[in-house]
Amino acid sequence: MGTTQQADQHRSAHQRRRQLLEAADRVVLRDGPKASMNAIAAEAGITKPILYRHFGDKGGLYRALAKRHTDALLSALKAALDAPADRRARVEATLDTYLAAIEARPQVYRFLMHPEDGAASADAADTADTQLPEQGFDVGRHSAPLLRRLGEELATVIEERVDLGPDSAQLARVWGHGIVGMMHAAGDWWLGERPCSRAQLASSLADLLWGRLSLVDDRAGSPGL
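Residues numbered from 1 in each chain as written. Predicted model: local features only at pLDDT ≥ 70, side-chain atom pairs only at ≥ 80, totals over all residues. Heavy atoms only, no water.

Topic: the overall build of the protein
Then, number 1: The secondary structure content of the protein amounts to 10 helices and 2 strands.
Then, number 2: The order of helices and strands in the protein, counted from the N terminus, is α-α-α-α-α-α-α-α-β-α-α-β.
Then, number 3: Scored against the burial criterion, the 225 residues of the protein give a buried share of 41%.
Then, number 4: A separation of at least 24 residues holds for 72% of the contacts in the protein among residues at least 6 apart in sequence.
Then, number 5: Within the structure as shown, the protein displays about 11,500 Å² of accessible surface, and the carbon and sulfur contribution to it stands at 53%. (Helix = DSSP H or I, 4+ residues; strand = E, 2+ residues; numbered from the N terminus. Buried < 20%, exposed > 50% of the residue type's maximum accessible area, 1.4 Å probe, protein only. Contact = heavy atoms within 4.5 Å. Areas by Shrake-Rupley, 256 points an atom, 1.4 Å probe, with all protein chains shown as cover.)

Okay, here's the thing in structure tokens:
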């Protein structure tokens, strides 16, 4: 097989995978955690075995969707950090960017972070195909890596941009995972109860972080934090 033909096949497979993820996104936007492999296959106009061929199982599809949405979220967070404003305003804007993302697509957020909410009905739909039963979906096993990735990515940004002195790499990871944990827990609570406006929550969380952040210097030659 020639190199050109191999490249064409790779592009075709990549395009097909992207189309299937877009179909999955549409189902998740509609059904949230109740999204089933059967419904996603129907939306894509394919059979369930073909969907399994691309992703393996619901866990494989979940990981692909999580990467797709995490990549987009990280890009938005970095853009907020790079905005032309003082540090306090950028910290608040970055927190608000995360909250805006989960507010804009709450069904996607619930699918990624609370898939157990719809697991029973989704599994029942999937096991209707007795040849390809869907196994129970372990929320912790799948969502924890997503949060860890966000924490590590934020830690890298912090270490690159802020002078934390001795043990900066370790401290940056503490900060990165701590901030992500705070955003996740506070955002999850807020999305469910709406006890205040998004702006009020972002401002209050920024106040909580600001004490130590206000004291550290930007790393020389970096865009700063």
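With respect to the pattern of salt bridges
Then, number 1: Under the criterion given, the structure shown has 17 salt bridges.
Then, number 2: Between Arg68 and Asp25 there is a salt bridge, with the nearest N and O atoms lying 2.9 Å from each other. Of this pair, Arg68 sits in helix H4 (residues 58–81) while Asp25 sits in helix H1 (residues 3–31), and the two are 43 residues apart along the sequence.
Then, number 3: Residue Arg68 is classed as partly exposed on the basis of its relative accessible area of 30%.
Then, number 4: Under the relative-accessibility criterion, Asp25 is labelled buried at 8%.
Then, number 5: Glu103 is the salt-bridge partner of Arg194, the closest N and O atoms lying 3.3 Å from each other. With Arg194 in the loop between helix H9 (168–193) and helix H10 (198–213) and Glu103 in helix H5 (residues 87–104), the pair connects residues that are 91 residues apart, well separated along the chain.
Then, number 6: For Arg194, a relative accessible area of 42% gives the class partly exposed.
Then, number 7: A relative accessible area of 27% means that Glu103 is categorised as partly exposed. (Salt bridge = Lys/Arg side-chain N within 4 Å of Asp/Glu carboxyl O.)

Here's the deal with the packing of aromatic side chains
Then, number 1: Scanning the entire structure with this criterion turns up 1 aromatic pair.
Then, number 2: On the basis of an interplanar angle of 40° and a centroid distance of 5.9 Å, the ring pair of Tyr62 and Phe111 is categorised as tilted. With Tyr62 in helix H4 and Phe111 in helix H6 (residues 106–113), the pair connects residues that are 49 residues apart, well separated along the chain.
Then, number 3: On the accessibility criterion, Phe111 (2% relative accessible area) is buried.
Then, number 4: Between the NZ or CZ atom of Arg194 and the centre of the ring of Trp190, over which it lies, the distance is 4.5 Å. (Phe/Tyr/Trp six-rings, centres within 6.5 Å; stacked < 30°, edge-to-face > 60°. Lys NZ or Arg CZ within 6 Å of the ring centre and 35° of its normal.)

Remarks on helix H2 (residues 37–44)
Then, number 1: Of all the residues in H2, the buried ones are Met37, Ile40 and Ala41. Taken down its axis, H2 places every buried residue within 100° of arc, on the same side.
Then, number 2: Gly45, located one to two residues past H2, shows a positive phi value of around 75°. (Arc of directions from axis to C-beta.)

Digging into H9
Then, number 1: Taking 1.5 Å of rise per residue, the 26 residues of H9 would be expected to cover 38 Å, and the 37 Å separating its terminal C-alpha atoms lies within 8% of that figure.
Then, number 2: Once H9 ends, the next one or two residues include Arg194, with phi positive near 50°. (Expected span 1.5 Å × (residues − 1).)

With respect to the environment of Ala24
Then, number 1: In this fold, Ala24 is placed in helix H1.
Then, number 2: Along the primary structure Ala24 and Ala42 are separated by 18 residues, whereas in three dimensions their C-alpha atoms are 9.9 Å apart.
Then, number 3: Aside from chain neighbours lying at most four places away, what touches Ala24 is Ile40, Leu61 and Leu65.

Observations regarding unusual backbone geometry
Then, number 1: Within the chain, Asp167 stands out as a residue other than glycine whose phi angle is a positive 60°.
Then, number 2: The residue Asp167 is located in the loop between strand S1 (162–163) and H9 in this model.
Then, number 3: A relative accessible area of 60% means that Asp167 is categorised as exposed.
Then, number 4: The backbone phi angle of Arg194 is positive, close to 50°, even though this residue is not glycine.

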